[in-house]
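Residue-level listing of the chains:
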Amino acid sequence: MPFQRIDRDAPQFDPSSMVLKIDDEEIGEWISVQFGDDTDIALADAGGTPFVVGSGPGKYKPSGGSISMYMNYYSGWIANLYQQALALGADRVSAVGHTMTVSFAEWNMPVRTHRIDFCRFKGANPGAQDGTGSALTRVEVPFTFHRIKWNGNVQM
């Protein structure tokens, strides 16, 4: 599974099935979430020949992702993450890892849940204005992670 984008406004998803949780706490005001990963397949040759004679599992490569939300929700949410980090003895939000779960269903399909392990939020990139007030500014919150468990258990 190289890349997944789940947008609350996308017509292929059932809005009632879309749930984003961080450390089992539901995030209510998100707009979209995107994430992905990939793997290298290590090829092996025999001695000094140029011919491939086998392969190995290679290296797992998480590509990172982001959550999009409005500034008015982001401000309180990131302050809460900061307080959690301080309680754990860290001096910044990005020092603490979180578990993210994303659940969604396409119309008339079963719900799928992806688990993203050890998310670390890197900051925020303000986007274009969606209105006249700064509370309606869209914010992209990038994150890194260690591993995705696609549909709860499949690992690439």
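Just above, that's the structure.
The rules behind each value
Along each chain, residues carry numbers from 1 onward, in the same order as the chain's sequence is written. Where totals are concerned, whole chains, interfaces and linings use all residues; where local detail is concerned, this predicted model gives features only for residues with pLDDT of at least 70, and gives and counts side-chain atom pairs only at 80 or more. Derived side-chain values reflect all non-hydrogen atoms in the structure, with water molecules and hydrogen atoms excluded from consideration. Paired rings are identified among Phe, Tyr and Trp, the last through its six-membered ring, by centres lying within 6.5 Å, and are further divided according to the angle between planes into stacked (under 30 degrees), edge-to-face (over 60) and tilted (the rest). Each helix is a run of H or I in the DSSP string that is no shorter than four residues. Each strand is a run of E no shorter than two, and both are numbered from the N terminus. The buried label goes to any residue with under 20% of its type's maximum accessible area, the exposed label to any with over 50%, and the partly exposed label to all in between, with areas taken from a 1.4 Å probe on protein chains only. Only when the NZ atom of a Lys or the CZ atom of an Arg is both within 6 Å of the ring centre and within 35 degrees of the ring normal do we say a charge sits over the ring. Pairs of N or O atoms within 3.5 Å make up the polar contacts considered here, provided that, within protein, one atom can donate a hydrogen while the other can accept it, and that residues adjacent in sequence are counted only when both atoms are side-chain atoms. The contact definition used throughout considers only heavy atoms, calling two residues in contact when any of these lie within 4.5 Å. A helix's residues, less one, multiplied by 1.5 Å, set its expected span. What the arc measures is the spread of directions leading from the helix axis to the C-beta atoms. Here a patch means residues that are over 30% exposed by relative accessible area and free of salt bridges, tied together within 9 Å if like-charged and within 5 Å if nonpolar (Val, Leu, Ile, Met, Phe, Trp, Tyr). All accessible areas in this document rest on Shrake-Rupley with a 1.4 Å probe, and a residue is counted as covered only by the protein chains that are shown. Between Lys or Arg on one side and Asp or Glu on the other, a salt bridge is scored when a side-chain nitrogen of the former is within 4 Å of a carboxyl oxygen of the latter.

Peer 1: Which residues make up the packing of aromatic side chains, and what are the values?
Peer 2: Inspection of the entire model under this criterion finds six aromatic pairs. The interplanar angle of 80° and the centroid separation of 5.2 Å between the aromatic rings of Trp77 and Phe121 together place this pair among those described as edge-to-face. Taken together, the positions of Trp77 in helix H1 (residues 71-87) and Phe121 in strand S9 (residues 112-121) put the pair 44 residues apart, joining distant regions of the chain. Side by side, Trp77 and Phe121 carry an identical accessibility label, which is buried. Ring centres of Phe121 and Phe143 lie 6.0 Å apart, and the angle between their planes is 70°; this geometry places the pair in the edge-to-face category. You can see Phe121 sitting in strand S9 and its partner Phe143 sitting in strand S11 (residues 137-144), a full 22 residues away along the chain. Sitting over the face of the ring of Tyr60, Arg147 holds its NZ or CZ atom 4.2 Å from the ring centroid.

Peer 1: If you had to explain the side chain of Ser68 to someone new, which residues and values would you point to?
Peer 2: With respect to the helices, strands and loops of the structure, Ser68 is situated in strand S7 (residues 60-70). Side-chain polar atoms of Ser68 contact the side chain of Glu140, separated by 3.2 Å. Leave out the neighbours within four places in its chain, and Ser68 touches Trp30, Ile31, Ser32, Arg138, Val139 and Glu140.

Peer 1: Lay out H1 in plain terms, naming residues and giving numbers.
Peer 2: In this model, H1 (17 residues) spans 24 Å end to end at C-alpha, consistent with the 24 Å of a helix rising 1.5 Å per residue. For H1, every residue scored as buried is listed here: Tyr74, Trp77, Ile78, Leu81 and Ala85. In an axial view of H1, the angular spread of the buried residues amounts to 100°, which keeps them on one side of the axis. Structural note: H1 exposes Asn72 and Ala87 on the side pointing more than 90 degrees away from its buried face.

Peer 1: Can you tell me about a nonpolar patch on the surface, naming the residues and giving the values?
Peer 2: Together, Ile41, Leu43 and Val52 make up an exposed nonpolar region whose accessible area comes to about 320 Å². Along the chain, the position of Ile41 falls in the loop between strand S4 (30-39) and strand S5 (42-45). Given a relative accessible area of 53%, Ile41 falls into the exposed group.

Peer 1: Lay out the side chain of His98 with the relevant residues and their values.
Peer 2: Along the chain, His98 falls in strand S8 (residues 98-104). A relative accessible area of 3% means that His98 is categorised as buried. In this structure the side chain of His98 is engaged in a polar contact, spanning 2.6 Å, whose partner is the side chain of Asp23. Contact partners of His98, with chain neighbours within four places excluded, come to Ile22, Asp23, Leu81, Gln84, Ile116, Asp117, Phe118, Cys119 and Phe121.

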